[in-house]
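# Observations on the three-dimensional arrangement
Listed below, chain by chain, are the residues.
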Amino acid sequence: MSAQSPRTTDDDGVSADTQRQQAELSVLAIVPAYNESGTIADVVSETRAYVDKVVVIDDASTDDTAERAREVADGVVSLPKNMGVGGAVHTGYLVGTRERFDVVVQIDGDGQHDPADIPRLLAKITDEDADMVIGSRFLNDSYKEYSVVRRAGIRFFTWEVNALSDLDITDVTSGFRAYTTELLADLSRPENSHWALEQTLEASRKGYKIVEISTPMPPETDGSQFDLGTFLKYPPRMIKTTLKVLLFR
Amino acid sequence: MTGLALAPIHVIGALAGIALLYQSYRLVSDRKEGVFEFLLWAGFGVALLAISIGSAITTVDLLGGLESGMALLGFARGPESVLFVSNLLLLFLVFYSYVQLVESRKQLSDLNQELALLRYDLDQRTDDDD
């Protein structure tokens, strides 16, 4: 494990004990990115303060995201062909498990997530033995900035996951997460779409502990991809994903 | 009164149906993760079993019911029935082709991912050497 940057968690709202425990963990941050050249450098720079290594997963961007990322990140995985978020994050998980990190933090490259919340994600792993920690926008007021369609979609998927498992979470679609690599090594490769629903449901069915923290998460600045058309495609995809988990996981 | 008049073709059909159902069971037990493939084998297995056993049952006129239903849809005996079976086979082929396409895309995704990770490993080693 390479601890290339000292972690500075003095003012992150976690206790000294928790900070010591976190310092013993080797933490990799993976940043899935597609055409995020405007934000990727800032996200990586800010994230490096809280983890040991930051690897950007460039999902075949058509702009200079990969070049910008290489200037600041510890590593860049450039996918030759676009895979979608599910494929990109799974590539990051493989880096985390192959390089034997203890924990993998996943944070979006568009600046939607605040890296300063990473210590609180990690605190749930060190203090509560959680296997997966999800940053939820529904535990604060930031969800109110989202469109009604998007909110309805997120709530529906969350309800489905809660109904099919013994979970009681509020934001299953959140991409701001921390995992133990022990959990990641045990999870199957998710679909390129609906990866969050599939991953959360599988982890729950396998008995892993999943908890949430409140993280403000404003909508993407360049417009949400969650429009009505996408919303209509969701039911068949969701049925397929659910069947996949119920039949094969 | 057994109500079951099994001809050799019924037994062959039923066995083929069971074989298809076994194939769908194997997918689940081996965790192959092909939802559409599972639906393909299970769906056609159940259909074949139902048609084979159903047509052998004499106490209930299942075939008569099927014919009535087909007639309601506009099918009659003869060429229309051939057309119906042909469509069913075409549906099977389309479904099967789709399953194969999904599998090919999955393999391409795996290759895409491994290629990217290989390049990443090489970059990391080069950085370490520097």
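For the structure itself, look to the data block above.
What comes next concerns the included structure. These figures come from a predicted structure and were not determined experimentally.

Per the secondary structure count, chain A includes nine helices and seven strands. Per-residue burial for chain A yields a buried fraction of 58% across its 249 residues. When contacts within chain A are restricted to residue pairs at least 6 apart in sequence, those whose partners lie at least 24 apart make up 74%. Surface summary for chain A: the accessible area is close to 10200 Å², and the carbon and sulfur share equals 49%.

Our next topic: the interface of chain A and chain B. Contacts between the two partners involve 28 residues from chain A, matched on the other side by 21 residues from chain B. Salt-bridge contacts for Arg-98 of chain A lead to Glu-114 of chain B; the nearest nitrogen and oxygen are separated by 2.9 Å. For the pair chain A and chain B, the interface holds eleven residue pairs in polar contact (both at pLDDT 80 or more). Looking at the side of chain A that touches chain B, the elements with two or more residues in it are β2 (53-58), β3 (75-78), α4 (85-98) and α9 (228-248) of chain A. With six residues, α4 of chain A is the largest single contributor of residues to the side of chain A that touches chain B. Split into classes, the residues belonging to the side of chain A that touches chain B amount to eleven nonpolar, seven polar and ten charged.

Residues and elements named next belong to chain A. Residues Val-103 and Val-105 line one face of strand β4 (residues 103-106) and the alternating positions Val-104 and Gln-106 line the opposite face, and both faces are buried. Both strand β1 (residues 27-33) and β4 contribute to a ladder of four bridges, which runs parallel. For Val-27, the partnering residue across the bridge sits in β4 and is Val-103. As paired elements, β4 and strand β6 (residues 177-180) share four bridges and run antiparallel to each other. Bridge pairing links Gln-106 to Arg-177 in β6.

Within helix α5 (residues 118-128) of chain A, the full set of buried residues consists of Ile-118, Pro-119, Leu-121, Leu-122, Ala-123, Ile-125 and Thr-126 of chain A. A positive backbone phi angle near 55° is found at Asp-129 of chain A, which sits one or two residues after α5 of chain A.

Residues and elements named next belong to chain A. Over its 14 residues, α4 extends 20 Å from the first C-alpha to the last, a length consistent with the 20 Å expected when each residue adds 1.5 Å. Burial of α4 is extensive: eleven of the 14 residues sit out of reach of the surface. Every buried residue belonging to α4 is among Gly-86, Gly-87, Ala-88, Val-89, His-90, Thr-91, Gly-92, Tyr-93, Leu-94, Val-95 and Gly-96, and all of these are buried. Following α4 by one or two positions, Arg-100 adopts a phi angle in the positive range, close to 55°.

The next thing to look at is the side chain of Ser-174 of chain A. Residues and elements named next belong to chain A. Note that Ser-174 resides in the loop between α6 (148-164) and β6. Overall, Ser-174 belongs to the buried group, its relative accessible area being 0%. In terms of polar contacts, Ser-174 uses its side chain to reach the backbone amide nitrogen of Phe-176, at 3.2 Å. The residues touching Ser-174, leaving out its near neighbours within four places in the chain, are Ile-134, Gly-135, Arg-137, Trp-195 and Met-217.

Cut-offs and rules
Residues numbered from 1 in each chain as written. Chains lettered and ligands numbered in written order. Predicted model: local features only at pLDDT ≥ 70, side-chain atom pairs only at ≥ 80, totals over all residues. Heavy atoms only, no water. Helix = DSSP H or I, 4+ residues; strand = E, 2+ residues; numbered from the N terminus. Buried < 20%, exposed > 50% of the residue type's maximum accessible area, 1.4 Å probe, protein only. Contact = heavy atoms within 4.5 Å. Areas by Shrake-Rupley, 256 points an atom, 1.4 Å probe, with all protein chains shown as cover. Salt bridge = Lys/Arg side-chain N within 4 Å of Asp/Glu carboxyl O. Polar contact = N/O pair within 3.5 Å; in protein donor to acceptor, adjacent residues only side chain to side chain. Nonpolar A, V, L, I, M, F, W, Y, C, P; charged D, E, K, R; others polar. Pairing = 2+ DSSP bridges. Expected span 1.5 Å × (residues − 1).

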